[in-house]
Amino acid sequence: MKTNFHISLILVFGCLLSNMAGAEPQAETNIPHSTADAPMIFEVQDSYFHPKAVDLFNDYKTSLCLGRFDEAAAVLTLIQALLTTENERATFWQKAIPDIQLRTLTIIQICPDCLTGKCLTCRGQGICPACQGKKQCPVCKGKKSFSTRCKACLCKACSASGICTKCMGYKFIKCPTCLGSGMGIQTASGTPMCSRCGGKGRITCPECSGTGKCPTCAGKGRTSGCPKCNDTGVVVTTCVACQGTGKCVLCDNTGVCPACKGNGVCPRCDKNGMITYYRFPVHADWVRLQAGYILHREQPVVTNQIVEKSGSFQVFCGSREINLNVKANEIQCVSDGEMFDWVKSQVLK
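What comes next is a walk through the structure. (Residues numbered from 1 in each chain as written. Predicted model: local features only at pLDDT ≥ 70, side-chain atom pairs only at ≥ 80, totals over all residues. Heavy atoms only, no water.)

## Observations concerning helix 3 (residues 69-82)
How we decide: Only runs of H or I of at least four residues qualify as helices and only runs of E of at least two qualify as strands under DSSP, and these elements are numbered from the N terminus. By this rule the span expected of a helix is its residue count minus one, scaled by 1.5 Å. Exposed residues in this analysis have more than 50% of their type's maximum accessible area, buried residues have under 20%, and partly exposed residues fall in between, with area computed by a 1.4 Å probe over protein chains only.
The end-to-end C-alpha distance of helix 3 is 20 Å, a good match for the 20 Å that 14 residues give at a rise of 1.5 Å each. Of all 14 residues making up helix 3, 10 are buried, and the element is well covered by its neighbours. Restricting attention to buried positions, one finds in helix 3 the residues Phe69, Asp70, Ala72, Ala73, Ala74, Val75, Leu76, Leu78, Ile79 and Leu82.

In structure tokens:
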């Protein structure tokens, strides 16, 4: 919608400059006022305001009554730019739409980003939701990198335990000759002690030579010459989230919410719960409703709640309560969506 507004503004500016470049000086005119449905003519001298503003007013009325709100807003901006002083603007609008016939058409959308006017990003707290105001990367906690145990050089022979798998670190094993009994082969003269273990029933572990350590890794649990950790056993990796800076990238290390700049207020509706898209001065003859509000809901079905009076109102839209303040001679068109096509059929003639 904003893009269309900018395009309309550029096109109208182009047409204005083209017309002004080829315009001939005009003599002072004295043409009576027309009806509300005819083009607006002014009985004023050129010194009152820029004569092009009169033509633009007629374009403004046409665009507005056709429901082309972006275009009408662009033309309105041009008119205001041509009228350089407050006195000039007041004189122009008094001539264009006398006070007794002046109405204000305000087109509003209920804020889709918040429910209470608080910033949805930080839930009104004003602090960065990522680092919780701590001003550091929430992933690495400000450490810039991670240290993890290297898996590439883990000893497979001992499952990185560093213990001899044959003796399980006890340095001795059961004597395979006497099966741990310590006795030799029985003879007529008796049963001597086992000649291999000397009656102890155990022998030094031949796998680790009695060290109890894994012979492959010498008890370290890791093999040497690892290219990943350079035999340190630790792999250091830079934090991807902060690119090794240790700073919170969401709030640029300020600790405040980037959406609301720390004030906790919804940045889209500025705590009002509503977004005003347009505020148009209109003639009473252009509108069906002279004062009041229309609450338009698109979901679950298209419904309209119409109140034909000014004042303060508490209105429910679904489960949400909104406060409306309708001024005298103001028509507020409030929608729960971004489409305002319905305003033309409901309000404009």
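## Here we look at the pairing of strand 8 (residues 303-307)
Quick reminder of the rule: In this scheme, strands are said to pair when DSSP sees at least two bridges between them.
Relative to strand 8, strand 7 (residues 292-297) runs antiparallel, the two sharing five bridges. For His296, the partnering residue across the bridge sits in strand 8 and is Asn304. The loop that links strand 7 with its antiparallel partner strand 8 comprises five residues.

## Side note on the sheet that holds strand 8
Test applied: Angles shown run from 0 to 180 degrees and are taken between the N-to-C directions of axes, each axis being a line fitted to C-alpha atoms and, for helices, limited to the stretch in contact. The criterion used for residue contact is that any of the two residues' heavy atoms lie within 4.5 Å.
One open sheet accounts for five strands, arranged 6-1-11-7-8; its pairing is mixed. Looking at which strands have only one partner, the edges of the open sheet turn out to be strand 6 (274-283) and strand 8. Averaged over all adjacent pairs, the angle separating strand axes in this sheet is 15 degrees, with direction ignored. Pairing analysis gives five bridges linking strand 7 to strand 11 (residues 330-335), with the strands arranged parallel. By the bridge assignment, Leu295 is partnered in strand 11 with Val334. Together, strand 1 (102-110) and strand 6 form the strand contacts of helix 3, whose direction differs from that of strand 6 by roughly 70 degrees.

## Considering the environment of Ala241
Relative to the assigned elements, Ala241 resides in the loop between strand 5 (234-238) and strand 6. Ala241 sits in the partly exposed class, given a relative accessible area of 36%. Residues contacting Ala241, with those up to four places away along its chain left out, are Cys137, Val139 and Val249.

## Things to note about the layout of surface pockets
The criterion, for reference: A 1.4 Å probe that fits but cannot get out identifies a cavity on a 1 Å grid over protein atoms alone, an open set with protein on both sides within 12 Å along at least five of seven lines counts as a pocket, and a residue lines either if it has an atom within 4 Å of a point. Grid points are joined across faces, edges and corners, and a volume is the space filled by probe spheres set on the points. Ten residues, namely Ala, Val, Leu, Ile, Met, Phe, Trp, Tyr, Cys and Pro, are considered nonpolar, four, namely Asp, Glu, Lys and Arg, are considered charged, and the remaining ones, Gly among them, are considered polar.
In this structure, the second largest pocket encloses a volume near 280 Å³. Ile108, Thr276, Arg279, Asn325 and Gln332 are the residues nearest the centre of the second largest pocket, which is lined by 15 residues in total. Of the residues contributing to the lining of the second largest pocket, the split by class is five nonpolar, seven polar and three charged.

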